[in-house]
Amino acid sequence: CRLGAGCAHGYSPIGGRAMKKILSILCAAMMVLGLTACGTESQHTISYVSGEKVNVVDRDCVAVYTQYTNGSDETAIPADYITVKAFQNGAEIPCIVPTGEKTNGYIQCDSSVQSGVTADVVWLFQLVDDSTVTVEFSDGTKVEIPLSEK
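Residues numbered from 1 in each chain as written. Predicted model: local features only at pLDDT ≥ 70, side-chain atom pairs only at ≥ 80, totals over all residues. Heavy atoms only, no water.

(A) Molecular detail of the overall build of the protein. Of regular secondary structure, the protein possesses two helices and nine strands. Counted from the first residue to the last, the protein has its helices and strands arranged as α-β-β-α-β-β-β-β-β-β-β. The proportion of buried residues among the 150 residues of the protein is 31%. Across the protein, every contact between residues at least 6 apart in sequence was considered, and the portion connecting residues at least 24 apart equals 64%. Approximately 9,700 Å² of the protein is accessible, and the part contributed by carbon and sulfur atoms is 53%. (Helix = DSSP H or I, 4+ residues; strand = E, 2+ residues; numbered from the N terminus. Buried < 20%, exposed > 50% of the residue type's maximum accessible area, 1.4 Å probe, protein only. Contact = heavy atoms within 4.5 Å. Areas by Shrake-Rupley, 256 points an atom, 1.4 Å probe, with all protein chains shown as cover.)

See the structure below:
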């Protein structure tokens, strides 16, 4: 085959090189787009305010008071976008949600929060005993809440 001329077997050396260059450029562009997506901030953020022992629905609980910000374009429920787990003695304790009730002025984690709003949100966990509660948030934050004076 001559350079630039079509071959009888249907292969063109120039077409092959051009295709490789196009594919290489497309792959590089996709990698750049993938890296820029990693730098975006979360649309749903939470910050710890305080924690205390409370009695809710005749159960001893720990109340984890937070501020939740809905930075998305839609109304959202904090519990759908943020993970909060509590542990006592190394074991996870159950979350309880008395829907529709406020605890010390804080809305429950299953309440809707409008777009662009920061709301005071409480997460309630049923206690096993009076030992310290360790709380872990989806952003990696860990907090210890002592329940008894020693």
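(B) Structural view of the pairing of strand 3 (residues 84-88). In terms of burial, strand 3 is largely enclosed, as four of its five residues are buried. Pairing of strand 3 with strand 8 (residues 133-137), which is carried by five bridges, proceeds in the antiparallel orientation. Directly across from Ala 86, in strand 8, lies its bridge partner Val 135. With three bridges connecting them, strand 3 and strand 4 (residues 91-93) associate as antiparallel partners. Bridged to Phe 87 within strand 4 is Glu 92. Linking strand 3 back to strand 4 in an antiparallel pair, the connection comprises two residues, with Asn 89 at a positive phi of about 55 degrees. (Pairing = 2+ DSSP bridges.)

(C) Seen up close, the packing of aromatic side chains. Here the structure, examined in full by the defined rule, presents two aromatic pairs. Considering the side-chain rings of Tyr 65 and Tyr 106, the 4.7 Å spacing of their centres and the 50 degrees angle between planes classify their relative orientation as tilted. You can see Tyr 65 sitting in strand 2 (residues 59-70) and its partner Tyr 106 sitting in the loop between strand 5 (95-96) and strand 6 (107-108), a full 41 residues away along the chain. Neither Tyr 65 nor Tyr 106 differs from the other in exposure class; each is buried. (Phe/Tyr/Trp six-rings, centres within 6.5 Å; stacked < 30°, edge-to-face > 60°.)

(D) Seen up close, the sheet that holds strand 8. The sheet built from four strands is open, its strands ordered 4-3-8-9 with antiparallel pairing. In this open sheet, the two edge strands, each paired with only one partner strand, are strand 4 and strand 9 (142-145). Averaged over all adjacent pairs, the angle separating strand axes in this sheet is 35 degrees, with direction ignored. (Axes fitted to C-alpha atoms, helices over the stretch in contact; angles between N-to-C directions.)

(E) Local environment of the pattern of salt bridges. Taken as a whole and assessed by the stated rule, the structure comprises two salt bridges. Residue Asp 130 is joined to Lys 53 by a salt bridge in which the shortest nitrogen-to-oxygen separation is 2.6 Å. Here Asp 130 is found in the loop between strand 7 (118-126) and strand 8, whereas its partner Lys 53 is found in strand 1 (residues 44-56), with 77 residues between them in sequence. The exposure class of Lys 53 is partly exposed, given its relative accessible area of 36%. Across the salt bridge formed by Lys 142 and Glu 136, the nearest N and O atoms sit 3.8 Å from each other. Here Lys 142 falls in the exposed class, since its relative accessible area comes to 58%. (Salt bridge = Lys/Arg side-chain N within 4 Å of Asp/Glu carboxyl O.)

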